[in-house]
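Structure at a glance
Chain by chain, the residues:
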Amino acid sequence: METIESDVVIVGGGPAGCTCALYASRADLKTVILDKNPSVGALAITHQIANYPGVSTEMSGEALLTLMRDQAVQYGTDYRRAQVFGVDVSGDWKTVFTPEGTFKARALVLASGAMGRPASFKGEADFLGRGVSYCATCDGAFYKGREVAVVGVNKEAIEEAQVLTKFASTVHWITSNDPKKDDAHAQGLLASPNVQHWSQTRLMLIEGNESGVTGIRLKSRSKDNEEGLTVEGVFVYMSGSKPITDFLGEQVALKEDGGVVVDDFMATTSEGVWAIGDIRNTPFKQAVVAASDGCIAAMSIDRFLNSRKVIRVDWVHS
Ligand SMILES: Cc1cc2nc3c(=O)[nH]c(=O)nc-3n(C[C@H](O)[C@H](O)[C@H](O)COP(=O)(O)OP(=O)(O)OC[C@H]3O[C@@H](n4cnc5c(N)ncnc54)[C@H](O)[C@@H]3O)c2cc1C
């Protein structure tokens, strides 16, 4: 598998990650953004953003994010779609693991936002890593010719279910609300021959034994009783409001509220690792705050990597 080296690797391509990448690239640092999905972060799902300074009040969050990403790429950022499932922050070179390859950098920036959730379905935590997964691109190939369930109706659930149709014999798609009729991706998924849709249905329990998941129990709104389904994998895609830190293990300190601890320079308790944006569980979760964090981290990283005593400004004197 590919190993890519850079000065800075950023996990997450929201406003925090893209701003950090813009400043780092302009400081001539080789910078990579790893983003699991540009459509599912907090800014990406914001219908209209009327309070980001300097842009049209009619602009959608997704359009603003596209502008931010394009600007970073224009200055040299290497933007890649990849879901990070682990990091190793020991030593001078930080390592980031994704299904697409391994990334090594002298500075690691955590910018994965706060759209996560604690495992809340019965059995979800018990079988995490033993049949329960949050990443079809990481784990889909394990389920070749087997039956799996996908839970959720957001864009990520739809894209990940599409990935699973390439491997699984049947993908049971469980949605508590119906997907939108004008959502071409959802309708495309429903048209796949190996997708069975369980409309207006809730996941009640994930069952299994010492080898892993063996089945699930479902409750349809139109039926009185629960019913059982035999599956070996359950892929859960529900959004919440918890900082996404599951890929970190216990390698950086977290606050009691789950946010990453940082100092004034956005540096975490682990040298060479910064955290920016909603992953800090800031009291004021706003795009402009996330962008500001990204700027601070990039300037601090420039000083760290180049052993500068002072922060170098990024403006043109004329
Ligand atoms: C519904 C809603 C409306 C909002 N409205 C406004 C508003 O009007 N004005 C305003 O200023 N703010 C608004 N906010 C808040 C604002 O969107 C957030 O504060 C901001 O987007 C945080 O930026 P971020 O970069 O930290 O995280 P995010 O924007 O959430 O981006 C995080 C990125 O990390 C990626 N990621 C996550 N996990 C991984 C992983 N394991 N590997 C790789 N990539 C990963 C995600 O795919 C995503 O692209 C709103 C938020 C929501 C939810």
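Just above, that's the structure.
Here's what I pulled together on the structure shown here. Remember, it's a predicted structure, so these values are computed and weren't measured experimentally.

**Brief notes about the packing of helix 1 (residues 15–26) against helix 2 (residues 61–74)**
Two numbers describe how helix 1 lies on helix 2: the axes approach to 8 Å, and their chain directions differ by 25°. The orientation of helix 1 with respect to helix 2, classified from their angle, is roughly parallel. In this structure, helix 1 crosses over helix 2, and the sense of that crossing is left-handed. Across the interface between the two elements, Pro-15, Cys-18, Ala-21, Leu-22 and Ser-25 of helix 1 pack against Leu-65, Met-68, Arg-69, Gln-71 and Ala-72 of helix 2. Split into classes, the residues belonging to the contact of helix 1 with helix 2 amount to seven nonpolar, two polar and one charged.

**Remarks on unusual backbone geometry**
You will see that Asp-28, though not glycine, has its phi angle at about 70°, which is positive. Unusually for a residue other than glycine, Met-266 sits at a positive phi of about 70°. Following the sequence through the fold, Met-266 ends up in the loop between strand 14 (233–236) and strand 15 (273–275).

**Some thoughts on the packing of aromatic side chains**
Under the criterion given, the structure shown has two aromatic pairs. Ring geometry for Trp-274 against Phe-304: centres 5.3 Å apart, planes inclined by 75°, an arrangement best described as edge-to-face. Of this pair, Trp-274 sits in strand 15 while Phe-304 sits in helix 6 (residues 287–305), and the two are 30 residues apart along the sequence. Among the residues examined, Trp-274 registers a relative accessible area of 3% and is labelled buried. The ring of Tyr-75 has Arg-26 lying over it, and the distance from NZ or CZ to the ring centre is 4.8 Å. Sitting over the face of the ring of Tyr-79, Arg-69 holds its NZ or CZ atom 5.4 Å from the ring centroid.

**Quick look at the packing of helix 1 against helix 6**
One way to put it is that helix 1 packs onto helix 6 with a least axis distance of 7 Å and a crossing angle of 35°. Crossing hand, helix 1 versus helix 6: right-handed. Contact with helix 1, carried on its side by Pro-15, Ala-16, Thr-19, Cys-20, Tyr-23 and Ala-24, involves Ala-287, Ala-290, Ala-291, Gly-294, Cys-295, Ala-297, Ala-298 and Met-299 of helix 6 and no other residues of that element.

**Let's talk about the environment of Val-289**
Along the chain, Val-289 falls in helix 6. Along the backbone, Val-289 and Gly-116 are 173 residues apart, and their C-alpha atoms lie at a distance of 19 Å.

**With respect to the pattern of salt bridges**
By the definition in use, this model includes 13 salt bridges. The salt bridge partner of Arg-81 is Glu-159, with a shortest N-O separation of 3.0 Å. On the criterion of sequence distance, the pair formed by Arg-81 in strand 3 (residues 78–81) and Glu-159 in helix 4 (residues 155–164) is long-range, its members being 78 residues apart. One salt bridge in this structure joins Arg-117 and Glu-124, with 2.8 Å as the shortest N-O distance. The residues Arg-117 and Glu-124 share a single accessibility class, namely buried. What you see here is one network of salt bridges that share partners, running through Glu-2, Asp-78 and Arg-80.

Calculation rules
- Residues numbered from 1 in each chain as written.
- Predicted model: local features only at pLDDT ≥ 70, side-chain atom pairs only at ≥ 80, totals over all residues.
- Heavy atoms only, no water.
- Axes fitted to C-alpha atoms, helices over the stretch in contact; angles between N-to-C directions.
- Helix = DSSP H or I, 4+ residues; strand = E, 2+ residues; numbered from the N terminus.
- Parallel < 35°, antiparallel > 145°, perpendicular 65-115°, else oblique.
- Left-handed = near helix turned anticlockwise from the far one by under 90°.
- Contact = heavy atoms within 4.5 Å.
- Nonpolar A, V, L, I, M, F, W, Y, C, P; charged D, E, K, R; others polar.
- Phe/Tyr/Trp six-rings, centres within 6.5 Å; stacked < 30°, edge-to-face > 60°.
- Buried < 20%, exposed > 50% of the residue type's maximum accessible area, 1.4 Å probe, protein only.
- Lys NZ or Arg CZ within 6 Å of the ring centre and 35° of its normal.
- Salt bridge = Lys/Arg side-chain N within 4 Å of Asp/Glu carboxyl O.

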